[in-house]
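Reading the structure
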Amino acid sequence: MMDPTEHVTGLDRMDQPQSYSEMMPLYKDALYTILHRLGNPSSENISDNKELYQYVKKAFGMSPKQHEQALLQVQSMQPPISCLKVTVKEAKEILGKDVSGFSDPYCLLGLVSYGESKDATLKRDGPLLRKHRKAVVKNTIPEDQIHRTSVKKQTLNPVWNETFLLEFKEIADTELHMDMWDMDEIETLGQKLGEITDLHGLKRIFKDAKKNKGQDDFLGNIVIKLETLQSIVDEWYVLEPRTETYPDRGKCHLHLQFIHKERDKSLDFCRPIYSAYSGLLKTFVQYEISSNKESSSSTWKGDLCKPAKSLLDLYATQNNLSPFMQDLAKWLAYSRLYQSMELDSNVLLHQLTSIQYQWAQLDSKELTYEQRHELGESLQSFLVYGLSMISKFRDIFPRKCASRLQSLLRILSQMCKMKAFKELNPKSFSFQEEITKAIQVGTKEWFNMKKGLHQPMMKNAEENARSLARIVLEVKEDLDAIKIIWNKVFINNAQVDLFTVAYIELEDLIATDLKESLYVETQISEAVADILFALYRNLKDIHQAKAFLQKRDKVLALTEYHVRFREVLPLWVQRAYKTALQRVERAVQVDQLKPLIETSSLIKHSSSVVDLATCFTQIRETWNQLSWPDPEEAFMVMVKITEDMCKIAVMYCTMLKQQATQLSGKSHHGDAANLLCVVVNNIEHLRTVLKKLPEQLDWIGLKQKTAQVITEEQFHKTLYHQLQRAESILNQQISAAVITLGQKLHEDIEKHILLLSSLHGLLPRPEEAVGPLMKFLEQEFHYMNENLVQENFNSLLAPLWTHTVTILQRISGQQVNSLEFYRRLQYALQCLEQCFHAEGNGMPLGKLHNEEYNCLVKNLELSAMSSHELIQKYLERKVAEQKMCSNEKYGAVTLIAFYNNADQILHIEILNAVNLTPMDSNGTSDPFINLSLEPKHLFPEIEKRTTKTKMCDLNPLFEETFEFLVSQEKLRTQGACLVLTVFDYDLLGSDDFEGESFLSLRDLPGVGSTLDMGNIHQIRLALMHPVPNADNILKQLETRKMDRVAKDFVKLRLQIENKSMEV
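Predicted, not measured: the structure shown is a model, and the values here were computed from it. (Residues numbered from 1 in each chain as written. Predicted model: local features only at pLDDT ≥ 70, side-chain atom pairs only at ≥ 80, totals over all residues. Heavy atoms only, no water.)

**Some thoughts on the packing of aromatic side chains**
Which entries qualify depends on this criterion: Pairing of aromatic side chains here covers Phe, Tyr and the six-membered ring of Trp, requires ring centres within 6.5 Å, and sorts the geometry by plane angle: under 30 degrees stacked, over 60 edge-to-face, intermediate tilted. Here a helix means four or more residues in a row that DSSP labels H or I, a strand means two or more in a row labelled E, and each is numbered from the N terminus. Exposed residues in this analysis have more than 50% of their type's maximum accessible area, buried residues have under 20%, and partly exposed residues fall in between, with area computed by a 1.4 Å probe over protein chains only. Counted as over-ring charges are cases with an Arg CZ or a Lys NZ within 6 Å of the ring centre that also lie within 35 degrees of the ring normal.
The full count for this structure, using the stated rule, is 28 aromatic pairs. Both rings, one in Phe-499 and one in Phe-548, keep their centres 6.2 Å apart while their planes meet at 75°; by these two values the pair is edge-to-face. With a gap of 49 residues between them, Phe-499 in helix H20 (residues 498-517) and Phe-548 in the loop between helix H21 (526-544) and helix H22 (569-590) connect regions that are remote in the sequence. The buried category is assigned to Phe-499, whose relative accessible area is 2%. What makes Phe-548 partly exposed here is its relative accessible area of 45%. Ring geometry for Trp-699 against Tyr-720: centres 4.9 Å apart, planes inclined by 90°, an arrangement best described as edge-to-face. Taken together, the positions of Trp-699 in helix H27 (residues 699-705) and Tyr-720 in helix H28 (residues 712-758) put the pair 21 residues apart, joining distant regions of the chain. Tyr-720 sits in the partly exposed class, given a relative accessible area of 23%. Lying over the aromatic face of Trp-446, Arg-394 brings its terminal NZ or CZ to 5.1 Å of the ring centre. One Lys or Arg, Lys-640, reaches over the ring of Tyr-577 and ends 5.5 Å from the middle of that ring.

As structure tokens, this is what we get:
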């Protein structure tokens, strides 16, 4: 890196205070400029000379007397020779006067002072009259005062860029006249014909023939009054015609500037123009800065006030100081000022941009050797200053002021890209390399300074470790600040990756310091262990920050940083376990086993389990902070941490139960139940915490890292097995506590059910008998729901429900000859279902409706029916079975059936039977059909009817009609049906059963509707055989030994089942 002392800038002299003798000539120069100002002021400049005098007096710190004396001296000086500096730049869209359609333009220009002219008419004429007068310049201005540009051949857009100085005495009544002409050379007719390009060219030949040979063509003129001009004007002026023939003659671009060609000799001896301008600028800047301080603003924006700008513009203009020299003076002043105070960087950037632009336009001869040297020295000096600042950026630039460093980098970057910088500093130079060197040197100096600052006071293990930990912490914080704040500043403005440069330097320095200073002993105190843990964490963070490096050319020095901490690693893990266990013990001792928020329906656990979860969080944080690099060793650490957390969880359950036992001895029965509920909730919450451990400790990530050294089976046998064992113990603890809570409820529920079942005739309505049971359950469930979390409350409900259903099954199995008994049990079951479901807030219906419940519901439903209802239900089931039967393996019967509502006659016509089963030894049967209206209690007056017997016929044709007098109301009763039973006639023994069919009577034509004889169709019924001992209704009827109706019906059905061919 460059040495800051290598160059001594020429700007130093600008910081030296000026004496009165040095300031007075400069002051007079400023007064002279104001006194002899030329041109109208622009909107940006001050027009009042008094205001300018007042400002310059304040800026130079002159007293009124000194000012008056100086002004008198200036007024007595020789006035300057005033000139108008005219630069004819270019013209566009001028007339084409030649045969070719182009012109050979040139300009004549000069000044006309009408105050001295004897031609009063010329003076009176305005611009509108004079524009018709041809050759104003030639006819008005003496030949020696006429200035002429060069001739530009064959163009309509000539470019001259030629400058002329035109002297004048008085600005009033003086005008600038400029004529533009087309140079005409003598040509032969053949040459002219060769140049013809269009009809206009031919016309020009005839016109030229009329005029004198060699006479130039008038293209236009411009007349400008000097008193209308500002000190500098740069404009396009319209070329005025002499006639209206061609009114549009194009435009000409002129640059006009009032200057002092010669000034009083005494002023010229004080100092060169450039130096005087620099002196004025310095004086004004110092005055503006002092005014800025008074206004309490810390950063000067580089804005000069209007009078200062006006004076500087006047001085530069009148003394013909080039824009480059003005920018050079401003750069010299502002760059030096930037190094001593807070100056807005945009000021320097603007000056550099201006210098860069002006340098590209500049002729190298316009600058003296001293001026080139001064600019080169200034740029070099500012570069050295900037690199010095960058090397110490940590100390110089506060983190909240990154913008100032950013500005400096932008200035240096733009400066080094300048053509002027490269030409004035020809030796090879890389801006990025210089920045990198400055960062490297500054980083080493900063580290050594911090190392000296944190030297241990005493030479022992604890002080050495603390000193090293402080240094590493400083480095970590520095790298964090670089990564977050500074790096983007350097990348965006200098294309240098500060983080990579600083990281490589600091990482190497830390590694060297660790090697020299860190010695881990086998026996260390807890204080040293804590310091080493903090040191390890910061080293880990620094090493992990390598991910942000853009490039690495070598192995990093801190790659094996963790090796030095292997001896202390078990101590860190054990320390975390002991700290957590002690905190849990204290938490349980002070826990009164009350819900943390008694009014909350969600939080029902106590404070100790929250402390336990916090301890687990701290252990997890220890693991995350370790992030041990070696996979196999990291797995062993995880095994130990998991084992410790599971051990703490199991020990917590034991301590919690002991605390509950101790507190329950001092409480009544209700409080003891509350304590037990909180215990259950705490263990449940702990189980939830344990389930999250694999995700929170990132076992999947650890498994991937250790895949090369630890098999999946080993991983599960160690980590997951430990966790599952701990969860199993917690589940056992929860189950034991829930069982204890439910035992008393079991007994009370059974008592209430037995009570309601024994009150046969005492309470006429079922709801009255069930009331005490429901009131008891409502109170108990409300209490449990208030004190248990939902999961545990549900786990309490499940065994209670199973127990309740079992009790009801046992009681309903008794042979009690009372429908009221079973109806009460049925109603009790319905109420219990609603109570346990609790409108979706309790047990789900899917779990309530288990197999035992469904069986009980069916049994109670049948037991609560009368025998007539059971028989009707049985027949309804048979009719439904008939409708579903499509298999005619036992044959089928065809009939016609309808009901005549007018006569109340049921017409049954048996047509035939088909595919009957041969029942006789000869392979045939002797079939007949019994017709019976069932149930008998509904049709007691109607006798059974029988068809004729058809001998030896498996497809008999009966065609017999039967009529039954019966009311429509009975036909429409549930279970009312026609039973067709087909038998094989046997002469000696009982008739053989061929099959039976069931026809619902309420579905017949005419029943419940008007009979339409055209809508009567044949009915084909498959013959069925009942499955023996398969119907629960028959079984229920069979239990009613004392009921004659039930007994007769069962007897008849059993006779049929005994003859059935179904198994």
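Next comes the rest of the account.
**Here we look at the pattern of salt bridges**
To keep things clear, this is the line we draw: By definition, a salt bridge exists where a carboxyl oxygen of Asp or Glu is found within 4 Å of a side-chain nitrogen of Lys or Arg.
Following the criterion strictly, the structure yields 30 salt bridges and no others. With a shortest N-O distance of 3.3 Å, Asp-513 and Lys-451 are connected by a salt bridge. Taken as a pair, Asp-513 in helix H20 and Lys-451 in helix H18 (residues 431-453) lie far apart in primary sequence, 62 residues in all. What makes Asp-513 buried here is its relative accessible area of 4%. Its relative accessible area of 24% is what places Lys-451 among the partly exposed residues. Through salt bridges that share partners, Glu-462, Glu-463 and Arg-466 make up one connected network.

**So, the sheet that holds strand S9 (residues 892-900)**
Backbone-to-backbone hydrogen bonds join strands into a sheet, with any given pair of strands oriented parallel or antiparallel. Stated precisely, the cut-off is as follows: Between any two strands, pairing holds if DSSP finds at least two bridges. All axes here are fitted lines through C-alpha atoms, helices being fitted over the stretch that makes contact, and every angle between N-to-C directions spans 0 to 180 degrees.
The strand order across the open sheet formed by four strands is S13-S10-S9-S16, and the pairing between neighbours is antiparallel. This sheet does not close on itself; its edge strands, each paired only once, are strand S13 (957-965) and strand S16 (1019-1022). Taken pair by pair, the neighbouring strands of this sheet meet at an average axis angle of 25°, ignoring direction. Pairing of S9 with strand S10 (residues 905-914), which is carried by nine bridges, proceeds in the antiparallel orientation. Counterpart to Thr-894 in the pairing with S10 is Asn-912.

**Overview of the pairing of strand S2 (residues 105-113)**
In terms of burial, S2 is a largely internal element, eight of the nine residues being buried. The pairing of S2 with strand S5 (residues 174-182) spans nine bridges and is classified as antiparallel. Its bridge partner being in S5, Pro-105 is matched across the sheet by Asp-182.

**Topic: helix H34 (residues 867-884)**
Under the convention used in this document: To estimate how far a helix should reach, multiply one less than its number of residues by 1.5 Å.
Counted at 1.5 Å a residue, the expected span for H34 with its 18 residues is 26 Å, and the 26 Å between its end C-alpha atoms agrees. Turning to H34, its buried residues number three or more, namely Ser-867, Leu-870, Ile-871, Gln-872, Tyr-874, Leu-875, Lys-878, Val-879 and Gln-882.

**Examining the environment of Val-441**
Note on placement: Val-441 falls in helix H18. Between the C-alpha atoms of Val-441 and Ser-388, which are 53 residues apart in sequence, the distance is 9.9 Å.

**Concerning the sheet that holds strand S14 (residues 977-984)**
Heads up, the rule is: Contacts are residue-level and defined by heavy atoms, with any inter-residue pair within 4.5 Å sufficient.
With antiparallel pairing, four strands are arranged side by side in an open sheet as S12-S11-S14-S15. Of all the strands in the sheet, the pair left with one neighbour each is strand S12 (945-946) and strand S15 (992-1000). In terms of strand pairing, S14 meets S15 through eight bridges, oriented antiparallel. When the sheet's bridge partners are listed, Thr-981 is paired in S15 with Glu-996. In the packing of helix H37 (residues 1044-1058) onto the sheet, the strands contacted are S14 and S15, and the crossing angle to S15 comes to about 125°.

Purely geometric numbers; function is a separate question.
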